[in-house]
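# Geometric and topological summary
Residue-level listing of the chains:
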Amino acid sequence: MNKQRCYFVIDMKSFFASVECADRGLDAMTTKLVVADAERSDRTICLAVSPAMKELGVKNRCRLYEIPKDIEYIIAPPRMKRYISHTAKIYSIYLQYMSKEDIYQYSIDEAFLDVTDYLAIYKMRAKDFAKKLITEIMEKTGIPASCGIGTNMYLAKIALDITAKKAPDRIGWLTEDKFKKELWYHEPLTDFWGISKGISTRLARYGIHNMHGIATSDENLLYKEFGVNAELIIDHSKGIETCLMSDVKHYKSKSKSFSNSQILAKPYKPDDAKIVMNEMIQEGCYRLIKQGYITPLIHIFIGYQDEMTIGSKGTKRLERATNLPSKIMPAAMELYDSIVDQDRMVRRLGFDFSDLGDQESEQMDFFTNQEEAEKERKMVRMVLDIKEKFGKNAILRGIDYDERATQRERNEQIGGHRGGES
């Protein structure tokens, strides 16, 4: 008989805001604080708001101008290096009690732990072990945490997202039976991990508004609507998840891609925004060469100042997969010109290189001078070596010095946000 497993999902409450409160010697649960780069504009997005702000109805990821004027609060500029160092410190706490093979860092502020074999070692019940970990995190970092406990990874995540929020000790736990008893009729469905607004809307067409509705509906109907994804939706509606920590650790995606995007500090004219897109695509080509990939597809997205309107997007297939800037840049700029709305101000830009393949699989052709191609890659590698040794801004193109360009500033950031420790 298989041993019943036990998983934790531990989440730092309002992580960025809690770090800023802790560094100021303030209580994250009572201090009104938001993390945002106020120097950009009052339209900048708040990366985090403290629990005290949430109690006042201020939503996470809101914009500064949306916060009621009668609320007095602290604005803390983002410090991504500081947050990463706190994540590392919290991870080191986990390592004091378990192997890294039983830890999966799901995001900067959330981790899955397989504690199945450790409960007997420490002679502790699951809830007591969870309390020990979140108490130690609080004592060593000043960051409040919540924990979901489940007999599988899905139930642990749901326990964190739904039941822990209502628990005085911020710890929730679920088994399959408890899930059916307490959450089968819970609404809205979007509260459940993996149920997006789009999936919820499609289910609503059939009168399905909760997990009980999914679990008791005609499975043929669900497979017709969602294809193979229906299997996961049906299993989750019953609290079933067969994926183990080892499966997550060894998972490799069949298709590879990478993307980059940014929100501009102010509205740009389309021609000015093209300079920023040029920088982004160039950096994307550098990344392809550095990692040894080639791409046959370029996707571009353009968002405008009026957030209520639909943005522009387009795809261009290259004649052959490559990573050469001399091939990708002209194609990307041509695509940008073909989709951008010249009558609207640009506020967001993004691109995606998809269907990545290994550079060794690049097909030879009579129209490409292979000697020149390798010379170009060699030059890029030299540039990357200089950046690696002396910093990303050690070598730049002329376009990067244009007042409309953003790459120099972004080179000093982490994830598009300020990285400073101070």
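As shown above, the structure is provided for reference.
Before going into details, it helps to say that this report is about the structure given with it. (Residues numbered from 1 in each chain as written. Predicted model: local features only at pLDDT ≥ 70, side-chain atom pairs only at ≥ 80, totals over all residues. Heavy atoms only, no water.)

We now examine the packing of helix H13 (residues 270-291) against helix H14 (residues 325-339). Relative to each other, H13 and H14 sit at 150°, their axes nearing to 10 Å. When the axes of H13 and H14 are compared, the crossing they make is right-handed. Between H13 and H14, the contacting residues are Pro-270, Ala-273, Lys-274, Met-277, Asn-278, Ile-281, Gln-282, Cys-285, Leu-288 and Ile-289 on the first element and Pro-325, Ile-328, Met-329, Ala-332, Met-333, Tyr-336 and Asp-337 on the second. Split into classes, the residues belonging to the contact of H13 with H14 amount to 13 nonpolar, two polar and two charged. (Axes fitted to C-alpha atoms, helices over the stretch in contact; angles between N-to-C directions. Helix = DSSP H or I, 4+ residues; strand = E, 2+ residues; numbered from the N terminus. Left-handed = near helix turned anticlockwise from the far one by under 90°. Contact = heavy atoms within 4.5 Å. Nonpolar A, V, L, I, M, F, W, Y, C, P; charged D, E, K, R; others polar.)

This part covers the sheet that holds strand S7 (residues 145-150). Strand order across the open sheet formed by five strands is S5-S6-S1-S7-S8, with mixed pairing between neighbours. The open sheet has two edge strands with one neighbour each: strand S5 (103-107) and strand S8 (171-174). Ignoring strand direction, the axes of neighbouring strands in this sheet form an average angle of 20°. Sheet analysis places strand S1 (residues 7-12) next to S7, joined by six bridges and oriented antiparallel. Bridging across to S7, Asp-11 finds its partner in Ser-146. Against the sheet, helix H6 (residues 153-163) engages S1, S5, strand S6 (110-114), S7 and S8, with an angle of about 140° to S7. (Pairing = 2+ DSSP bridges.)

The subject of this paragraph is empty space enclosed by the protein. Using the criterion set out here, one finds two cavities of 30 Å³ or more in the structure. Here the second largest cavity defines a volume of roughly 60 Å³. Contributing to the lining of the second largest cavity are Ile-10, Met-12, Phe-15, Thr-87, Ile-90, Tyr-91, Tyr-94, Gln-105, Ile-108, Asp-109, Glu-110 and Ala-111. Elements represented by at least two residues in the lining of the second largest cavity include exactly S1, helix H3 (80-95) and S6. The leading source of residues in the lining of the second largest cavity is H3, at four residues. A per-class count over the lining of the second largest cavity returns eight nonpolar, two polar and two charged. (1 Å grid on protein atoms, 1.4 Å probe; cavity = no way out; pocket = protein on both sides within 12 Å on 5 of 7 lines; lining within 4 Å. Points joined across faces, edges and corners; volume = space filled by probe spheres on them.)

Moving on, we get to the sheet that holds strand S4 (residues 74-76). Strand pairing within a sheet occurs via backbone hydrogen bonds; the two strands may be parallel or antiparallel. Spatially, S3-S2-S4 is the arrangement adopted by the three strands of the open sheet, whose pairing is mixed. A strand with exactly one partner marks an edge of an open sheet, and here the two such strands are strand S3 (48-49) and S4.

Overall, the coordinates contain 17 aromatic pairs when judged by the stated rule. Taking the centre distance of 6.1 Å and the plane angle of 70° together, the rings of Tyr-97 and Phe-129 count as edge-to-face. Highlighted residues: Tyr-97 in the loop between H3 and S5 and Phe-129 in helix H5 (residues 126-141), separated in sequence by 32 residues. Each member of the pair, Tyr-97 as well as Phe-129, is classed as buried. Note on Tyr-104 and Phe-112: the rings are 6.5 Å apart at their centroids and 45° apart in plane angle, and the pair reads as tilted. Among the residues examined, Tyr-104 registers a relative accessible area of 29% and is labelled partly exposed. Every member of this aromatic cluster is reached through a ring pair, and the members are Tyr-104, Tyr-106, Phe-112, Tyr-154, Phe-179, Phe-192 and Trp-193. (Phe/Tyr/Trp six-rings, centres within 6.5 Å; stacked < 30°, edge-to-face > 60°. Buried < 20%, exposed > 50% of the residue type's maximum accessible area, 1.4 Å probe, protein only.)

Turning to the side chain of His-86, a few remarks are in order. Summarising the element assignment, His-86 is placed in helix H3. A relative accessible area of 3% means that His-86 is categorised as buried. Not counting the four nearest positions on each side in its chain, His-86 is found in contact with Phe-15, Val-19, Asp-23, Thr-141 and Ile-143.

In this structure, Gly-150 sits in strand S7. For Gly-150, a relative accessible area of 3% translates into the label buried. Sequence separation between Gly-150 and Gln-305 is 155 residues, and the spatial gap between their C-alpha atoms is 43 Å. Excluding its chain neighbours within four sequence positions, the residues that come into contact with Gly-150 are Arg-5, Cys-6, Tyr-7, Leu-155, Ala-156 and Leu-174.

Coordinates in, geometry out; function isn't part of it.
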